[in-house]
Each structure stands twice: as C-alpha cells, then as structure tokens.
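# Observations on the model geometry
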Amino acid sequence: VDAWRMDKARQKIEEGVDIVEGMQEELSAMQRRQERFAAARKQFENVAAPPAAQQAGAAPAPSAPEAQSYFTAGVSYYDAGQIEPSIPYFEYALNLDPNLWQARQYLGYAFYQLGRSAEALQQFERMLTFNPDPQMRQWVESLKAQVGSR
C-alpha cells in the first residue's frame, strides 16, 4: 500500500512539473511577443498614429515615402501579433498611396485573422488588380468559395 501511494504521489508530482513547464513555455512565448511589440513600437515612435479623419477615408495628398512608413509600422504591429492595431496603419498607407498593393495584402491578412472574411476577400481582390500573382489568385478563389459557402 505504501509503495502504491508513493507511486501515485510521484505521478502527481510529475504531472505538476509538466504543467509548470508548459506554463513557463507559454510565459516565455508571451515575453518574446511583448519584446517584439516593444521593439516595433520603439522603432516607429516617430511614425504618428494615423489621424482619425484619415482612417475614416478622407483623401490626403499622396506621399509614397510616408505611405511606406505607415505600411512598415503596420507590418511591425502585425508581426508582433497586434493584428487589430495594425489595421489603421495599413488603411492610412492605402489612403496615401492606393497603389501600395502590399498594404492591401496585409490588410486582407489582418481582416482574415480577425475572422472578417468578406472584408479580407474584398482587399485581396483589389490587391490582385495591382499584383496579379497566379498563386495568390488561386488562394483568393478558394477563399471566395469558402466565404460563399457560409
């Protein structure tokens, strides 16, 4: 009976160790995401948040370098797992330079990540007019079929 209890206690301890190790891995991954986000924020401190009026669709004077800066800031947020905050940067970059198809593609990915498939599809279709990549077109067609079946 004592050996059986010792074996059960050892199993419980091992299960506890596994749980703690899993939590440590999750914490470490979360810290890495926070570090990437902090680095992205620091890198783009001088890139102001898109003005609210511009996010709503008011057309600013075109500026390709400024559009690229906002696009790059959006990519940094996106890559750091900050999907929702990346969207206004992509939208503002597109207001500055509607031909910046990469911003439209990332905006589509952001919408897709957030489960906003119809908006994602709209962005991907518009992106294809600037960059008619056959593989992307095939992926967009499969997304279109997926969205249509909902």
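Here's what I pulled together on the structure shown here.

Each helix and strand in the protein chain was counted, giving seven helices and zero strands. Moving toward the C terminus, one meets the helices and strands of the protein chain in the order α-α-α-α-α-α-α. Taking all 150 residues of the protein chain together, 31% fall into the buried category. A fraction of 54% describes how many contacts in the protein chain between residues 6 or more apart in sequence connect residues 24 or more apart. Accessible surface, the protein chain: about 9700 Å² in total, of which carbon and sulfur atoms supply 53%.

Turning to the environment of E35, a few remarks are in order. Structurally, the position occupied by E35 is in helix α1 (residues 2-43). E35 sits in the exposed class, given a relative accessible area of 55%. A sequence separation of 45 residues divides E35 from A80, and the C-alpha atoms of the two residues are 8.6 Å apart.

A few words on the pattern of salt bridges. Tallied over the entire structure, the rule returns four salt bridges. Between K144 and E125 there is a salt bridge whose closest N-O contact spans 3.0 Å. Placement of K144 in helix α7 (residues 134-148) and of E125 in helix α6 (residues 117-130) is noted, with a sequence separation of 19 residues between them. Note on K144: relative accessible area 32%, which makes it partly exposed.

Cut-offs applied
- Numbering of residues starts from 1 in each chain and follows the order in which that chain's sequence is written.
- Note on the predicted model: pLDDT of at least 70 is required for a residue's local features to be given, and 80 or more for side-chain atom pairs to be given and counted; whole-chain, interface and lining totals, by contrast, use all residues.
- To get the side-chain values, all heavy atoms of the structure are used, and hydrogens and water are removed first.
- A run of DSSP states H or I qualifies as a helix once it reaches four residues; a run of E qualifies as a strand once it reaches two. Both are numbered from the N-terminal end.
- With a 1.4 Å probe rolled over the protein chains alone, any residue whose accessible area is under 20% of its type maximum counts as buried; one over 50% counts as exposed, and the rest are partly exposed.
- A contact between two residues is defined here by any heavy atoms of the two lying within 4.5 Å.
- Accessible surface is estimated by sampling points in the Shrake-Rupley manner with a 1.4 Å probe; for residues, cover comes only from the protein chains shown.
- For salt bridges, the criterion is a side-chain nitrogen of Lys or Arg within 4 Å of an Asp or Glu carboxyl oxygen.

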